[in-house]
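# Breakdown of the fold
One-letter residues, chain by chain:
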Amino acid sequence: MTTLLDILSWVLLTLGGLSVLIGGIGALRMPDLYTRMHAASVTDSMGTILVLLGIMLQAGWSLATIKLIAILLFLLLTSPTSSNALASAALLAGTRPFDDAVQDDDEGQE
Amino acid sequence: MIVIFGIFLLTLLVITAIAIVRTDNLFVAVMLMGIASLLIASNFFLLDAADVALTEAAVGAGISTVLFLSALALTSERERAKSSNRILSFTVVAAAALILIYATFDKPRFGDPEAPVQTHVAPWYLEKTPEYIDIPNVVTAVLGSFRGYDTLGEVFVVFTAGIGVLFLLGSGVPLGSLPREKINEGLRHHLIPRVVGRVLIPFILLFGLYVQFHGEYGPGGGFQAGAIIAAAIILFALLEGERRALSVLPERVLLGLVAFGPLLYGAVGVAGIVLGGNFLDYSVLSDDPVKGQQLGILLIEAGVGVTVTGVLLSIFHAFAARGR
Amino acid sequence: MYYVVTIATLVTMGLALIRAVLGPSVYDRVLAVNMIGTKTVLLLSVIAFLYGRPDFLDLALAYALINFIGVLAVLEFFRNRALRRSTERDEGT
């Protein structure tokens, strides 16, 4: 049973690490702000859930698990809020999404 | 392996520091300083110093960023043209850095068990804390009781800093130029942060109180709790507006908190004298000396938390009221 | 077991730092700071278990709070700046 839990949490932790890494690479290579936010949100949601679930399986039924659940709930509640606030602030300030099809006039302004 | 992680974080810190110095947009510098604070706090955590990491995160990454941004709102965003005498300043800084690096050659190796601090001071504290104070967190025991006079000085430093800022910027200035409609108009786009913030602020306050009173058993204490509670009230002020935040916690109450904290600390010290011991001797506060020590630490941590909350909030309101 | 996650998180923090230094607009930098903040929370949780000290999770929770408040403060700063500039423009004309 313990071995099964160990293997399961190892799988979850590795997948979580991969999600975080993929999101980080995406934030670096995506062409404009809004697509970078998409990439960063992968790390905030998938990465967080997988990694914290993996740690929770290791912790068992203890106070640490309750704290981890609190951290998970808090992050899941506030990351979308921050993304929403950031996107609406950028949109109000005039940042235009990247549009590859348009040629000359409508360059994305920062 | 942990050492490699620490070295990697420190390398990121060096890159951030170079970027802060090289940019001339002050806003970018403030953002990068937030990142630097998070990196150094992670490094403290890797070195197993949890209380310091918590304080660095709460004060450096959170409150300092907010205060710097409030100050930037009052001034311009670009750095002024640099002055001309750069060779002299560079020489002075390089000389000081070389002297410091030379001085580190005499330091004992990191974690050396034969170093003087590990053979005289640290074992004494580790052995005597269960006997005299009996709380699990030795850091709080040293900070609150064995070196309580130092912490009294720190509280007065925080108090003086708050008074200094209030002298410079004034307090209780009524909000001026921006008409109320314009303040409320932008909030329509920000309904989601308002709702989420309203749900979260009570829990943040509860967490701040938890950190305050849990300081004897785990990482925590007065400084961290004061910063977290101040951050919760600052969040309220950001989301609901300055007027409502000032109606919830008026200026008089904040000034009262700023003064009450050192007063409480000093009163505990004087109570030690009145009850027959020395200044800041908590053993005489109750019949059982160990209980007296724990009671004393609880009271002074409360004083520290109250002071830090009051000072941080007063400084924030002083900046924010000037900006409008 | 925790080393893979730690290395991945550290590398992502490095990538986000590059984004913060490079990012042409200020919103890219705010995004990068937010990312580093949430990655720090993950890093702390993992290392707390790596050390075998689960009572250090209070730090991770505090970081999560502070990160959220910091991002909202930055955006509020922008909103006020835009409002102030538009007010000055209206009063100037």
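Residues numbered from 1 in each chain as written. Chains lettered and ligands numbered in written order. Predicted model: local features only at pLDDT ≥ 70, side-chain atom pairs only at ≥ 80, totals over all residues.

### Here we look at the overall build of chain C
Rules: Numbered from the N terminus, helices here are DSSP runs of H or I no shorter than four residues, and strands are runs of E no shorter than two. Throughout, radius of gyration means the C-alpha value; the globule benchmark is 2.2 Å times the number of residues raised to the power 0.38. Any residue with 12 or fewer other C-beta atoms within 10 Å of its own C-beta is exposed, any with 20 or more is buried, and the rest are partly exposed; the C-beta atoms used are placed from the backbone.
Tallying secondary structure elements over chain C gives 3 helices and 0 strands in all. Listed by position from the N terminus, the elements making up chain C come as α-α-α. Expected size for 93 residues packed as a compact globule is a radius of gyration near 12 Å; at 18 Å, chain C overshoots this value by more than 25%. Across its three principal directions, the C-alpha atoms of chain C cover 65 × 30 × 10 Å. Within chain C, the fraction of its 93 residues that count as buried is 66%.

### As for the overall build of chain B
Put simply, the test is: We call two residues in contact when their backbone-placed C-beta atoms lie within 7 Å.
If you tally the helices and strands in chain B, you get 13 helices and 0 strands. Ordering the α and β elements of chain B from the N terminus gives α-α-α-α-α-α-α-α-α-α-α-α-α. Dimensions of chain B along its principal axes, counting C-alpha atoms only, are 60 × 50 × 35 Å. Here chain B holds 324 residues, and 40% of them are scored as buried. Across chain B, the fraction of contacts at a sequence separation of at least 24, relative to all contacts at a separation of at least 6, is 71%.

### Thoughts on the interface of chain B and chain A
Here is the rule: Residue type decides the class: Asp, Glu, Lys and Arg count as charged, Ala, Val, Leu, Ile, Met, Phe, Trp, Tyr, Cys and Pro as nonpolar, and the leftover types, Gly among them, as polar.
Each partner contributes residues to the interface: chain B has 5 residues there, and chain A has 7 residues. Its residues assigned to classes, the side of chain B that touches chain A comprises 3 nonpolar, 2 polar and no charged.

### Focus on helix α1 (residues 3-22) of chain C
Note the threshold: Take the number of residues in a helix, subtract one, and multiply by 1.5 Å to get its expected span.
Compared with an ideal rise of 1.5 Å per residue, which puts 20 residues at 28 Å, α1(C) spans 29 Å between its outermost C-alpha atoms and is within 8% of the ideal. For α1(C), the set of buried residues is V5(C), T6(C), A8(C), T9(C), T12(C), M13(C), L15(C), A16(C), L17(C), R19(C) and A20(C).

### Let's talk about helix α12 (residues 251-274) of chain B
Residue and element names in this part refer to chain B. The criterion, for reference: Working definition for bend: take the seven residues up to and ending at a residue and the seven starting at it, fit an axis to each, and measure the angle between the axes.
With 24 residues, α12 ought to run about 34 Å at 1.5 Å a step, and its terminal C-alpha atoms sit 34 Å apart, in line with that. Most pronounced at F260, the bend in α12 amounts to some 25°, and the proline P262 follows within four residues. Residues of α12 that are buried include every one of L254, L257, V258, G261, Y265, V268, G269 and G272, and no others.

### Re the interface of chain C and chain A
Listed as interface residues are 39 residues of chain C and, on the opposing side, 42 residues of chain A. Looking at the side of chain C that touches chain A, the elements that each hand over two or more residues are α1, α2 (26-50) and α3 (57-92) of chain C. Considering each element in turn, the side of chain C that touches chain A owes the most residues, 13 residues, to α2(C). In terms of residue class, the side of chain C that touches chain A is made up of 29 nonpolar, 6 polar and 4 charged.

### Here we look at the confidence of the model for chain C
Residues and elements named next belong to chain C. What counts, and what does not: Note: pLDDT gives the predictor's confidence per residue, expressed from 0 to 100.
Per-residue confidence for chain C averages 85 on the pLDDT scale, and 97% of its residues sit at or above 70. Per-element confidence in chain C ranges from a low mean pLDDT of 81 for α3 to a high of 90 for α1. Note on the complex model: pTM 0.87, ipTM 0.89.

### Digging into the packing of helix α1 (residues 2-22) of chain B against helix α2 (residues 26-46) of chain B
Residues and elements named next belong to chain B. Worth spelling out the cut-off: Here an angle of 0 to 180 degrees is reported between the N-to-C directions of two axes, which are lines fitted to C-alpha atoms, with helices fitted over the stretch in contact. Note on angle classes: values under 35 degrees are labelled roughly parallel, values over 145 roughly antiparallel, values of 65 to 115 roughly perpendicular, and the remainder oblique. A clockwise turn of the near helix away from the far one marks a right-handed crossing, whereas an anticlockwise turn of less than a right angle marks a left-handed crossing.
As a packed pair, α1 and α2 sit with axes 9 Å apart at the nearest point and diverge in direction by 165°. Taken together, the axes of α1 and α2 are roughly antiparallel relative to one another. Like other packed secondary-structure pairs, α1 and α2 cross with a definite hand, here left-handed. In this structure, α1 contributes I2, F5, G6, L9, L10, L12, L13, T16, A17, A19 and I20 to the contact, and α2 contributes A29, L32, M33, I35, A36, L39, I40, S42, N43 and L46. Across the contact of α1 with α2, the residue classes tally to 17 nonpolar, 4 polar and no charged.

### Some thoughts on unusual backbone geometry
Phi at D48(B) takes a positive value of approximately 75°, unusual for a residue other than glycine. Along the chain, the position of D48(B) falls in the loop between α2 and α3 (50-74).

### Topic: the environment of G296(B)
Residue and element names in this part refer to chain B. Mapping G296 onto the fold places it in helix α13 (residues 289-323). Classification of G296 by C-beta neighbours within 10 Å gives buried; the count is 25. Note: C-alpha distance between G296 and L285 (11 residues apart in sequence) is 7.2 Å. Not counting residues within four places of it along the chain, the set of residues in contact with G296 comprises S145, V268, Y282 and L285.

### What about the nonpolar core?
Heads up, the condition is: A set of buried Ala, Val, Leu, Ile, Met, Phe, Trp, Tyr and Cys residues, joined to one another through C-beta atoms within 7 Å, is what we call a nonpolar core. Source of the domain bounds: an automatic or database domain assignment.
Counting residues in each nonpolar core, the largest one holds 141 residues, and the members touching the most others are A57(B), I228(B), A231(B), L59(C) and L65(C). With 17 residues, α3(C) is the largest single contributor of residues to this core. For this core, the domains that each give at least three residues are domain 1 (1-107) and domain 2 (115-324) of chain B. If we ignore the near neighbours within four places in the chain, the residues touching L65(C) are I204(B), F207(B), I228(B) and A231(B).

### Regarding the domain arrangement of chain B
Residue and element names in this part refer to chain B. Annotation of chain B at the domain level lists domain 1 (1-107) and domain 2 (115-324). Taken over C-alpha atoms, the centre of domain 1 sits 25 Å from the centre of domain 2. Looking at side-chain class alone, the side of domain 1 that touches domain 2 contains 10 nonpolar, 3 polar and 1 charged residues.

### Overview of the environment of A40(A)
Following the sequence through the fold, A40(A) ends up in helix α2 (residues 33-59). For A40(A), a count of 28 C-beta atoms within 10 Å puts it in the buried group. Put simply, A40(A) and G24(A) are 16 residues apart on the chain and 6.6 Å apart in space, counted from C-alpha to C-alpha. When near neighbours in sequence (up to four residues on either side) are disregarded, A40(A) contacts G23(A), A27(A), L31(C) and M35(C).

### Let's talk about the packing of α2(B) against α3(B)
Residues and elements named next belong to chain B. For the pair α2 and α3, the least separation of the axes is 8 Å and the interaxial angle reads 175°. By the criterion of interaxial angle, the relationship of α2 to α3 is roughly antiparallel. On the side of α2, the interface is formed by L26, F27, V30, G34, S37, L38, I40, A41, F44 and F45, while α3 contributes A50, V52, A53, E56, A57, G60, A61, S64, T65, F68, L69 and L72. For the contact of α2 with α3, the per-class residue count stands at 16 nonpolar, 5 polar and 1 charged.

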